[in-house]
Structure formats: C-alpha cells, structure tokens
Amino acid sequence: MLQAKLVAPEKISLENVEIPTPGENEVLVKVKVCGICGSDIHSYKGKHPFVHPPIVLGHEFSGVIHRVGDGVKNFSPGDRVVVEPNIVCGKCYNCLHGRYNICTNLKVIGCVGYDGAFSEYIVVPENKVLKLPDGISFDDAALVEPLAVAVHAVRKSGQKIGDRVLILGAGTIGLLTLQVANLAGAREVIITDLLSYRLEKAKNLGADKVINPELEDLVELIHKEYGKEGIDLIYDCVGVDKTISQAIQIARKGTRIMVVGVPEEKIKIDLSLIQDRELEIIGSLMYIREDFIEAIDLVQKEKIKADSFVTHHFKLKDIEKAFRLVTEGKEKILKVLIQVTD
C-alpha cells in the first residue's frame, strides 16, 4: 500500500509498505478521504509542539471497513465509517472521570505516537470507529472530526442562549465554531480574520459582523461598538500572541476565553490582567464520543454546511503539492481534502 510519511520538516516521502493486519478488537480501514488540518500544517512546518517526524499524518478521515480482527462484533467489511482518533489508556484519572480526551497517556492517530490516515489502509481499535449514516458522502464525513472540535469547544465553554460571542480566526475551526455557536443560541457572533475571502465565507455562514484586524483596531472597534462589557464569550481559534492579547484586552471582568487554536510557539500573556479581572483562559483540545456523535448528526441533518468548506482536492501521490499550496497561501483555501483511494 502507499503511505505518505513526514520524514523531516517540509519533506514528505511516499512509501510502499505492507498492508497491516488487524489484531484482536481492531479493524482495518481502507481510507477514502482525509483532510489536511491546521495541526497537520504546524507539523509539516516543524512547529507543532507535540508532533515529531517520522510520522504519517492525517486524522480527519473517512473510509470503509476492509477487514476485521478477532473479537470484532459491531463492524463488517463494507461498512462506511469515520474514526475518533484519540487513543486512550482508559485507566488514568481523566479517563476514569469522563475526560479521556486529555488522557495522561494520550495518543492521537496521525499526531502523537500513532501513524495516521495519509495511507491507503490503517488499523484502528474497534471502539474508536463510528458508522456513517446513509447520505453522508466521504468528503462530508472527513469534516466530522474538525466539527467535533467545534462542538466540544462550544459545549465546554458554557455558552448561554443570548450570549454575544467573539471568534478570533475564520479558518475551518473558526467557521465551524461560528455555526455551532449560532446553533447553541448566540445572540450575535462577531468573527475576525486577516483574509477577506474567509470573512466573506463567515458572512455566508451566519456571522453578524466580520472584522479584519489588519484594517481596523480590533480592541478599539469592539469597545466602541459594544462597550467594554459587551462581549460575553471569546473563542480564540488562532492561538498566537496577538490574538490572545486581543482577547484579554477585549474581555470584560470575569469573561471566559476558550483557546481552540494550536499555538506554534510559547505565548506571552499579561498575567496581571488575568488575575486582576478574574479572567478564565480555558484550553479545548479535542472531543469525546458524544461530541463526535453530535457532529455526525449535524452533518446528516445538514445543519452544518460541510461541503461549503472544501476548496481543493488532491490525490495521495500529490500530497506534497497540497501541503505546499496550503503553506504558501497564494490561493483562496479553506479545507483541502486528499483522495486517498478511489
């Protein structure tokens, strides 16, 4: 089978290897489609804090069960599936208290300690697999994983009906968070980005106001239009010095700031403002099963416009071209999908 392995920063090697055999309680998935995630880009550039080559990237994927191992009872060859990519121990404190997404011994398919789905076949534990309802395409199914990130962030945020929400960053995660926040009853959603085409997409997906902080002073504008106490909740879907700083300056006393974006490097914050204003800065890493199930339901019921995110398709053999396209940023790009097998 063909797999694409990140062997060094900005270097992907196409390799022909043996198709793996599923063990007990494992299934072999023939990967159909896998999306390129922002964290994949961080990894490709050598800037992800927890991902180190050599590794096969890819965790936003859909496929078909090709073979099942001994003991597998809930799946059969031919089943259309998605995979929840967090591999957990089930024994640590967080696993035993319902927060296995931050397992002490966490592995993540295509990210940490487990080769991913930029590969024609992949073996995964049966308990990480979910069947796809009829009518969801493999392309749309590849959006379930990032949608589950947004579902988890909104659920964890404690967002209330009637909240005025600010989202920093209108990439895929920011735009999905925008839609989930609206579904959760936000009174108003404001979203920022430096790219005009992303802001236009945000308008089409239900943003009440879009702002380009490169053209306007974001903090001043927010305070002028909504007052210094006008924002109820902030999602940072970028995770850089500037956005965290903006969030802290905009937040009224007692506000919660959800950090959803993956930082590429250490970030300096004004801790005195966190202490003085009793601000809450909360990380949102990934998801648990209920978030994944809700994400599948939202896609199936077309409450999320999954297909509107996809801007480019590539074959697996052209994956390095795909990564270069995203990192160079010369085209209007949202979600790039890799067609792994036909």
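Here the structure is shown first, and the text comes after it.
Let me sum up the structure you'll find in this document.

Cut-offs applied
For every chain, the first residue of the written sequence is number 1, and numbering continues from 1 along that sequence. Residues qualify for local features only when their pLDDT is at least 70, as the model is predicted, and side-chain atom pairs are given and counted only at 80 or more; totals for whole chains, interfaces and linings, by contrast, use all residues. To obtain the side-chain values, all non-hydrogen atoms of the structure were included, while hydrogens and water were left out. Every definition here rests on a 1 Å grid over the protein atoms only: cavities are sets of points where a 1.4 Å probe fits but cannot get out, pockets are open sets enclosed by protein on both sides within 12 Å along at least five of seven lines, and lining residues have some atom within 4 Å of a point. Grid points are joined across faces, edges and corners, and a volume is the space filled by probe spheres set on the points. Elements are defined by DSSP. Helices are runs of H or I of four residues or more, strands are runs of E of two residues or more, and each kind is numbered from the N terminus. In this classification, Asp, Glu, Lys and Arg are treated as charged, Ala, Val, Leu, Ile, Met, Phe, Trp, Tyr, Cys and Pro as nonpolar, and every other residue, Gly included, as polar. Two strands make a pair as long as DSSP finds a minimum of two bridges between them. Think of a salt bridge as a Lys or Arg side-chain nitrogen and an Asp or Glu carboxyl oxygen that are within 4 Å of each other. Here's how the labels work: a residue is buried when its accessible area is under 20% of the maximum for its type, exposed when over 50%, partly exposed in between, all with a 1.4 Å probe on protein chains only. To get an axis, fit a line to the C-alpha atoms, keeping to the stretch in contact for a helix; angles then go from 0 to 180 degrees between the N-to-C directions. Each crossing is labelled by how the near helix is turned from the far one, with a counterclockwise turn of less than a right angle marking it left-handed and a clockwise turn marking it right-handed. The contact rule is simple, with two residues in contact once any of their heavy atoms fall within 4.5 Å. Geometry of aromatic contacts follows a simple scheme: Phe, Tyr and Trp rings, the Trp one being its six-membered ring, pair when their centres are within 6.5 Å, and the pair is stacked under 30 degrees between planes, edge-to-face over 60, tilted otherwise. Directions from the helix axis toward the C-beta atoms define the arc. By nonpolar core we mean a set of buried residues, namely Ala, Val, Leu, Ile, Met, Phe, Trp, Tyr and Cys, connected to one another through side-chain atoms within 4.5 Å.

## A look at empty space enclosed by the protein
Item 1. Applying the stated criterion to the full structure yields one cavity of 30 Å³ or more.
Item 2. A volume near 30 Å³ is recorded for the largest cavity.
Item 3. Looking at the lining of the largest cavity element by element, the count peaks at three residues for strand E1 (residues 2-8).
Item 4. Across the lining of the largest cavity, the residue classes tally to seven nonpolar, no polar and one charged.

## Observations concerning the pairing of strand E5 (residues 80-83)
Item 1. Across three bridges, strand E4 (residues 60-68) lies against E5 in antiparallel orientation. Within E5, the position partnered with Gly63 by the bridge is Val81.
Item 2. Bridging between E5 and strand E9 (residues 129-131) involves three bridges; their strand directions are antiparallel. Across the sheet, the residue bridging to Val82 is Leu130, located in E9.

## Comments concerning unusual backbone geometry
Item 1. Cis peptide bonds are those with omega within 30 degrees of zero, and the linkage from Pro53 to Pro54 qualifies with 5°.
Item 2. For Pro54, the location among the structural elements is in the loop between helix H1 (38-44) and E4.
Item 3. Not every positive phi belongs to a glycine, and Glu10 is a case in point at roughly 60°.

## As for the pattern of salt bridges
Item 1. The tally for this structure, following the rule as stated, stands at 18 salt bridges.
Item 2. The partner of Asp232 in a salt bridge is Arg187, and the shortest N-O contact between them spans 3.7 Å. Pair noted here: Asp232 is in the loop between helix H7 (218-226) and strand E13 (233-236) and Arg187 is in the loop between helix H5 (172-183) and strand E11 (188-192), with a separation of 45 residues, a long-range link.
Item 3. Owing to a relative accessible area of 19%, Asp232 belongs among the buried residues under this scheme.

## Description of the pairing of E4
Item 1. Two strands pair when backbone bridges link them, and strand E3 (residues 26-35) and E4 are joined in this way by eight bridges, in the antiparallel orientation. Within E4, the position partnered with Leu28 by the bridge is Arg67.

## Comments concerning the packing of helix H4 (residues 144-157) against helix H10 (residues 289-300)
Item 1. H10 packs onto H4 with a crossing angle of 115° between their chain directions and a minimal axis gap of 8 Å. For the crossing formed where H4 meets H10, the hand is right-handed. Along the contact surface, H4 presents Val144, Glu145, Leu147, Ala148, Val151, His152 and Arg155, while H10 presents Glu290, Asp291, Phe292, Glu294, Ala295, Ile296, Leu298 and Val299.
Item 2. Partitioned by chemical class, the residues of the contact of H4 with H10 number nine nonpolar, one polar and five charged.

## Digging into the packing of aromatic side chains
Aromatic rings in a pair are described by how distant their centres are and how their planes are angled relative to each other.
Item 1. Counting across every chain of the model gives three aromatic pairs.
Item 2. Where Tyr44 meets Phe323, the ring centres are 4.9 Å apart and the plane angle is 40°; that geometry is what we call tilted. Within this pair, whereas Tyr44 is found in helix H1, its partner Phe323 is found in helix H11 (residues 319-328), the two being separated by 279 residues in sequence. For the pair shown, Tyr44 and Phe323 are each scored as buried.
Item 3. Each ring, one from Phe118 and one from Phe323, has its centre 6.0 Å from the other, and the planes form 80°; the classification is edge-to-face. Of the two residues, Phe118 is situated in the loop between strand E7 (107-108) and strand E8 (121-125) and Phe323 in helix H11; the sequence distance between them amounts to 205 residues. Each of the two residues, Phe118 as well as Phe323, counts as buried.

## What about H7?
Item 1. Residues Leu218, Val219, Leu221, Ile222 and Tyr226 constitute the buried set of H7. What you see down the axis of H7 is that its buried residues fit within an arc of 165°, all on one side. In this structure, H7 carries Glu220 and Lys224 as exposed residues pointing more than 90 degrees from its buried face.
Item 2. Here the buried face of H7 lies against strand E10 (164-168), E11, strand E12 (209-211) and helix H8 (241-250).

## Some words on the nonpolar core
One recurring pattern in soluble globular proteins is that nonpolar side chains are buried together.
Item 1. Ranked by internal contacts, the top residues of the largest apolar core, which has 97 residues, are Phe118, Leu147, Leu175, Leu178, Tyr235, Phe323 and Ile338.
Item 2. For this core, the leading source of residues is H4, giving eight residues.
Item 3. Grouped together as the second largest cluster of nonpolar side chains are 20 residues, Leu221, Ile222, Ile250 and Ile257 included.

## Focus on the sheet that holds strand E14 (residues 256-259)
Item 1. The parallel open sheet is built from six strands, whose spatial order is E12-E11-E10-E13-E14-E15. What marks the edges here is a single partner per strand, and that holds for E12 and strand E15 (280-283). Each strand axis lies, on average, 20° off the axis of its neighbour in the sheet, ignoring direction.
Item 2. In this sheet, E14 lies alongside E13 in parallel orientation, the contact comprising four bridges.

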